[in-house]
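Listed here are the chains, written in short residue letters.
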Amino acid sequence: MTTERSEMPFLEHLEELRWRIIKSLLAVAIGASVVFLYIDPIFKILLAPATSLENPPSLQVLKVHGMFMIKWGIAFVGGLILGIPVITYQFWKFIAPGLLENERQYAFPVIIFSFLSFVVGVLFAYYIVIPFSLNFFTGMGYVDVANNFSINYYFSYILWILFSAGMLFELPVIVLILSLIGILTPAFMRQYRRHAVVTILILSALLTPPDPISLLMMSLPLMTLYEISIGISHIFGKKY
């Protein structure tokens, strides 16, 4: 087994980090451009949770530049999603010199795992969290008060939940990388399980809209992912 690790001066590390960040941002920009080419069908897909409600709200553009900002916001989030494989690869290449030779073989699985985890989080939010929360809140209306939503607020709500869910579902990937490095162990994760539950609740509260429904629907699967992550840490963690 090869145990050699390459060493690099601090300033070279900073220079490498700068180029890794530039390449990641370039990937996001290219992804955003690709998404913008298909912005109208994507726009329709994101409208579906509202238009498919039993009592669909009326969406209104209240700003002159409202639609322009919405479409570019959608393109940016889409660019982030498409750029995840490149971002993960750049991060992996940055930490790879500190890994053993046999640990570097996990690069491709980590990249795929990272992208799939984010997509699963987005799909979970789109098909479960968003429809449930929209049904709940529009159902609490009053007969003499119409549900007229600003389309800017609606898309901010939708995109934030989608992106937050994708990021939170990256938990197993983070655990995998930290376990390979040797920072996390199954024993450590079990010992601090209660602290993790509190952290998950706080993150869910910060990254989702301020309502208990979204909080619970995001926290419960994350707690399940935490337990799965303990198993991942056991499989891929350093053996001392």
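Residues numbered from 1 in each chain as written. Predicted model: local features only at pLDDT ≥ 70, side-chain atom pairs only at ≥ 80, totals over all residues. Heavy atoms only, no water.

Draft legend 1. Structural context of the nonpolar core. If you look at the biggest cluster of nonpolar residues, it comprises 43 residues, and the most contacted ones within it are Ile 74, Phe 155, Ile 158 and Leu 162. Among the elements of the structure, helix H2 (39-51), helix H3 (66-95), helix H4 (107-138), helix H5 (151-168), helix H6 (171-181), helix H8 (193-207) and helix H9 (212-236) are those that each provide at least two residues to this core. Among the elements that line this core, the one with the most residues is H5, at ten residues. Those residues in contact with Leu 162 that lie beyond four places of it in its chain are Leu 46, Val 122, Ala 125, Tyr 126 and Ile 130. (Core = buried A, V, L, I, M, F, W, Y, C linked by side-chain atoms within 4.5 Å. Buried < 20%, exposed > 50% of the residue type's maximum accessible area, 1.4 Å probe, protein only. Helix = DSSP H or I, 4+ residues; strand = E, 2+ residues; numbered from the N terminus. Contact = heavy atoms within 4.5 Å.)

Draft legend 2. Local environment of the environment of Ile 42. Tracing the backbone through its elements, the reader meets Ile 42 in helix H2. Excluding residues that lie within four positions of it along the chain, Ile 42 makes contacts with Val 35 and Ile 74.

Draft legend 3. Structural detail: a nonpolar patch on the surface. Among the surface-exposed residues, Leu 26, Ile 30, Val 34, Leu 37, Tyr 38 and Leu 82 lie close enough to one another that they form a single nonpolar patch of about 630 Å² accessible area. Considering each element in turn, the nonpolar patch owes the most residues, four residues, to helix H1 (residues 10-37). Structurally, Leu 82 is set in helix H3. (Patch = residues over 30% accessible without salt bridge, like charges linked within 9 Å, V, L, I, M, F, W, Y side chains within 5 Å. Areas by Shrake-Rupley, 256 points an atom, 1.4 Å probe, with all protein chains shown as cover. Salt bridge = Lys/Arg side-chain N within 4 Å of Asp/Glu carboxyl O.)

Draft legend 4. Region of interest: the confidence of the model for the protein chain. Averaged over the protein chain, the pLDDT score is 81; the fraction of residues at 70 or greater is 86%. Per-element confidence in the protein chain ranges from a low mean pLDDT of 81 for strand E2 (residues 148-150) to a high of 91 for H2. Low confidence marks residues 1-5, where pLDDT is under 50. Its contacts with residues over four positions away, or in another chain, come to twelve contacts. (pLDDT = per-residue confidence, 0-100.)

Draft legend 5. Here's a closer look at H3. Helix length check: H3, at 30 residues, gives a terminal C-alpha distance of 41 Å against a target of 44 Å (1.5 Å per residue), a fit within 8%. The principal kink in H3, of about 55°, is found at Gly 83, preceding the proline Pro 85 by one to four residues. (Expected span 1.5 Å × (residues − 1). Bend = angle between axes of the 7 residues up to and from the residue.)

Draft legend 6. Summary view of the packing of aromatic side chains. Applying the stated criterion to the full structure yields nine aromatic pairs. Relative to Trp 72, the ring of Phe 68 lies with its centre 6.5 Å away and its plane at 65°, an arrangement referred to as edge-to-face. Linking Phe 68 with Trp 72, this pair stays in helix H3, spanning four residues, or about one helical turn. (Phe/Tyr/Trp six-rings, centres within 6.5 Å; stacked < 30°, edge-to-face > 60°.)

Draft legend 7. How the structure looks around the side chain of Ser 133. With respect to the element layout, Ser 133 can be found in helix H4. For Ser 133, a relative accessible area of 0% gives the class buried. In terms of polar contacts, Ser 133 uses its side chain to reach the backbone carbonyl oxygen of Ile 130, at 3.0 Å. What Ser 133 contacts, discounting residues up to four positions off in sequence, is Tyr 157 and Ser 214. (Polar contact = N/O pair within 3.5 Å; in protein donor to acceptor, adjacent residues only side chain to side chain.)

Draft legend 8. Representation of the pattern of salt bridges in the model. Here the structure, examined in full by the defined rule, presents three salt bridges. For the salt bridge of Asp 40 with Lys 71, the shortest nitrogen-to-oxygen distance reads 3.4 Å. Taken as a pair, Asp 40 in helix H2 and Lys 71 in helix H3 lie far apart in primary sequence, 31 residues in all. What makes Lys 71 partly exposed here is its relative accessible area of 23%. Glu 227 is the salt-bridge partner of Arg 193, the closest N and O atoms lying 2.8 Å from each other.

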